[in-house]
Amino acid sequence: AQTVTQSQPEMSVQEAETVTLSCTYDTSENNYYLFWYKQPPSRQMILVIRQEAYKQQNATENRFSVNFQKAAKSFSLKISDSQLGDTAMYFCAFVPSGGSYIPTFGRGTSLIVHP
Amino acid sequence: SQTIHQWPATLVQPVGSPLSLECTVEGTSNPNLYWYRQAAGRGLQLLFYSVGIGQISSEVPQNLSASRPQDRQFILSSKKLLLSDSGFYLCAWRSEDEKLFFGSGTQLSVL
């Protein structure tokens, strides 16, 4: 069974600064996807970014980028130029590719962006 | 375009009453569908998933059941709600490009 660990229950950052959220996972799978989701106060789960395990290049989406370290089973999210609208819960998720597509989520990190 | 609809947005039900939450997906066929529950301030718990019509897998034994009567419709039900069934329920679907997208959720309060 896979496990996903987000060791930072809460984080805070000043507006316009950079923050990194941590995620580690445990799996025996070789091919999988990793995701970061954002859940603002509206509680809508919004896909932020996806990384495919077979790709060495780190995924980026505008101000959001990841640091994917496959050997270390680490998948951190970097938010650059933080904005007030980035205030939200952030969830890391692991999904094995091929066969059953059963996502496993971490417990989340609450990020507060201060003005 | 592919979209997911989930309703109602909020629901207040008395203990012992039945429940039916509905989720539909548009713009795709035969998607994997999922029901998650999120307790206040907690992570997501997978309740059910479905890979096709009539095919339901349960992840957690509970007071709830799920059905998939049509390809793009996923229903979460209960015959008699318990206080512990309160929570935020999210429907999700697996897109053709292997991403997971969520509906807007239903806040269920059982009183």
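Caption draft 1: Expanded view of the sheet that holds strand 8 (residues 73-78) of chain B. All names here are of chain B. Spatially, 1-3-8-7 is the arrangement adopted by the 4 strands of the open sheet, whose pairing is antiparallel. Both outer strands of the open sheet, strand 1 (3-7) and strand 7 (65-70), are each paired with one neighbouring strand and no more. Taking each pair of neighbouring strands and ignoring which way they run, the sheet shows an average axis angle of 20°. As defined by bridge partners, strand 3 (residues 19-26) adjoins strand 8 across 6 bridges and the pair is classed as antiparallel.

Caption draft 2: Just the state of the cysteines, in detail. As enumerated under the stated definition, the model contains 2 disulfides over all chains in all. Across a sulfur-sulfur distance of 2.0 Å, A:Cys23 and A:Cys92 are joined as a disulfide pair. Disulfide A:Cys23-A:Cys92: torsion about the S-S bond near -70°, hence left-handed. Here A:Cys23, found in the loop between strand 3 (19-21) and strand 4 (24-26), pairs with A:Cys92, found in strand 10 (residues 88-96); they are 69 residues apart in sequence, far enough to count as distant. When its relative accessible area of 2% is taken as the criterion, A:Cys23 is described as buried. The disulfide partner of B:Cys23 is B:Cys91, and the gap between their sulfur atoms is 1.9 Å. On the sign convention where negative is left-handed, the bridge of B:Cys23 and B:Cys91, at about -75° about the S-S bond, is left-handed. In this pair, B:Cys23 is assigned in strand 3 and B:Cys91 in strand 9 (residues 87-94), connecting sequence segments 68 residues apart. B:Cys23 gets classed as buried once you look at its relative accessible area, which sits at 1%.

Caption draft 3: Fine view of the interface of chain A and chain B. Contacts between chain A and chain B engage 17 residues on the former and 22 residues on the latter. Between chain A and chain B, a total of about 1700 Å² is buried, with carbon and sulfur atoms accounting for 56% of that surface. At the boundary of chain A and chain B, one finds 0 salt bridges. For the interface between chain A and chain B, the tally reads 9 residue pairs in polar contact (both at pLDDT 80 or more). Elements with a minimum of two residues in the side of chain A that touches chain B: strand 5 (32-39) and strand 6 (46-52) of chain A. Residue contributions to the side of chain A that touches chain B peak at 4 residues, all from strand 5 of chain A. Tallied by class, residues from the side of chain A that touches chain B come to 10 nonpolar, 4 polar and 3 charged.

Caption draft 4: Local environment of the nonpolar core. Residue and element names in this part refer to chain A. Within the largest apolar cluster, 25 residues are counted, with the highest numbers of intra-cluster contacts made by Tyr25, Trp36, Phe75, Leu77 and Tyr90. Elements represented by at least two residues in this core include exactly strand 3, strand 5, strand 6, strand 8 (64-69), strand 9 (74-79), strand 10 and strand 12 (109-114). By residue number, the principal contributor to this core is strand 10, which donates 4 residues. Residues contacting Leu77, with those up to four places away along its chain left out, are Val19, Thr20, Leu21, Trp36, Val48, Ile49, Phe64, Ser65, Val66 and Tyr90.

Caption draft 5: Region of the structure containing the packing of aromatic side chains. Enumeration according to the criterion identifies 17 aromatic pairs over all chains in this entry. The interplanar angle of 85° and the centroid separation of 5.4 Å between the aromatic rings of A:Tyr37 and B:Phe102 together place this pair among those described as edge-to-face. Linking A:Tyr37 in strand 5 with B:Phe102 in strand 10 (residues 100-102), this pair reaches from one chain into another. The class of A:Tyr37 is buried, set by a relative accessible area of 1%. The exposure class of B:Phe102 is buried, given its relative accessible area of 5%.

The rules behind these values
- Residues numbered from 1 in each chain as written.
- Chains lettered and ligands numbered in written order.
- Predicted model: local features only at pLDDT ≥ 70, side-chain atom pairs only at ≥ 80, totals over all residues.
- Heavy atoms only, no water.
- Pairing = 2+ DSSP bridges.
- Helix = DSSP H or I, 4+ residues; strand = E, 2+ residues; numbered from the N terminus.
- Axes fitted to C-alpha atoms, helices over the stretch in contact; angles between N-to-C directions.
- Disulfide = S-S within 2.5 Å.
- Buried < 20%, exposed > 50% of the residue type's maximum accessible area, 1.4 Å probe, protein only.
- Contact = heavy atoms within 4.5 Å.
- Buried area = accessible area lost by both parts, 1.4 Å probe.
- Salt bridge = Lys/Arg side-chain N within 4 Å of Asp/Glu carboxyl O.
- Polar contact = N/O pair within 3.5 Å; in protein donor to acceptor, adjacent residues only side chain to side chain.
- Nonpolar A, V, L, I, M, F, W, Y, C, P; charged D, E, K, R; others polar.
- Core = buried A, V, L, I, M, F, W, Y, C linked by side-chain atoms within 4.5 Å.
- Phe/Tyr/Trp six-rings, centres within 6.5 Å; stacked < 30°, edge-to-face > 60°.

Functional significance is not addressed by these values, which are geometric in nature.
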